[in-house]
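# Secondary and tertiary structure notes
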Amino acid sequence: MLSILVLHGPNLNLLGKREPGVYGTATLDEIDCSLKQEAARLQVAVATLQSNHEGALVDAIHAALETHQGILINAGAYTHTSVAIRDAITAVNLPTIEVHLSNIYRREAFRHHSYIAPVAVGQISGFGPDSYRLGLLALVNYLNQS
Ligand code: CA2
């Protein structure tokens, strides 16, 4: 069975608890639960991890090589800053899909650039919690076709 690593970056542990106007009312637990339901429907396994620490995300990407066939990542603000996360994705060479709750291109200019996008299979941005579900579907379709 395919196994997908889902990574959530900094501050996403606050989802549903702060700034609901920007990021919605769904909590991270609710997003993870709905991803697990979608994974069951798609007959794949998902493992989820949230970290506020860049190095912990890099470590998780390295470890994925042993266990997972693809990565779904919302790197949060590290999307716009982290060469280290991009290099880790390049190094493990696992198919990766980048997701964002908000449409990063409708927001401040500093959010328009992603270090991850050039090393990802694709990016889904702006659909709230659905971005994750759509990203998982896209990743599983990609893996099943390759
Ligand atoms: O839209 C997204 O998913 C982002 O990755 C979210 C990041 C932001 O830096 C990116 O530009 C776009 C921020 C996540 C912060 O999450 C919070 C959740 C609740 C309250 C405060 C922050």
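Please refer to the structure placed before this passage.
Now for a look at the structure at hand. (Residues numbered from 1 in each chain as written. Predicted model: local features only at pLDDT ≥ 70, side-chain atom pairs only at ≥ 80, totals over all residues. Heavy atoms only, no water.)

## A look at the overall build of the chain
When its secondary structure is counted, the chain shows five helices and five strands. If you list the helices and strands of the chain from N to C, you get β-α-α-β-α-β-α-β-β-α. Overall, the chain is about 40 × 30 × 25 Å in size when its C-alpha atoms are taken along their principal axes. Looking at the chain as a whole, 46% of its 146 residues are labelled buried. Restricting to contacts in the chain with at least 6 residues of sequence separation, those with at least 24 account for 77%. (Helix = DSSP H or I, 4+ residues; strand = E, 2+ residues; numbered from the N terminus. Buried < 20%, exposed > 50% of the residue type's maximum accessible area, 1.4 Å probe, protein only. Contact = heavy atoms within 4.5 Å.)

## Structural notes on unusual backbone geometry
Although it is not a glycine, Asn11 sits at a positive phi angle of roughly 75 degrees. Note on placement: Asn11 falls in the loop between β1 (3–8) and α1 (20–23).

## Section: the nonpolar core
In terms of nonpolar packing, the biggest core is built from 22 residues, with Ile4, Val6, Leu72, Tyr132 and Leu136 touching the most fellow members. Mapped by element, the contributors of at least two residues to this core are β1, α2 (28–42), β4 (96–100) and α5 (130–145). Leu5, Ala60, Ile73 and Ala75 belong to the second largest nonpolar core, which has 18 residues in total. (Core = buried A, V, L, I, M, F, W, Y, C linked by side-chain atoms within 4.5 Å.)

## Some remarks on the site of the ligand
The full set close to the ligand counts 17 residues, and Asn74, His80, His100, Leu101 and Ser102 are the nearest of them. Here His100 contributes a side-chain N or O atom positioned 2.9 Å from an oxygen atom of the ligand. Residue Arg111 places a side-chain N or O atom 2.9 Å away from an oxygen atom belonging to the ligand. For the shell around the ligand, the class distribution of residues is eight nonpolar, six polar and three charged. (Near = heavy atom within 4 Å. Polar contact = N/O pair within 3.5 Å; in protein donor to acceptor, adjacent residues only side chain to side chain. Nonpolar A, V, L, I, M, F, W, Y, C, P; charged D, E, K, R; others polar.)

Remember, this is a structural readout, not a statement about activity or role.
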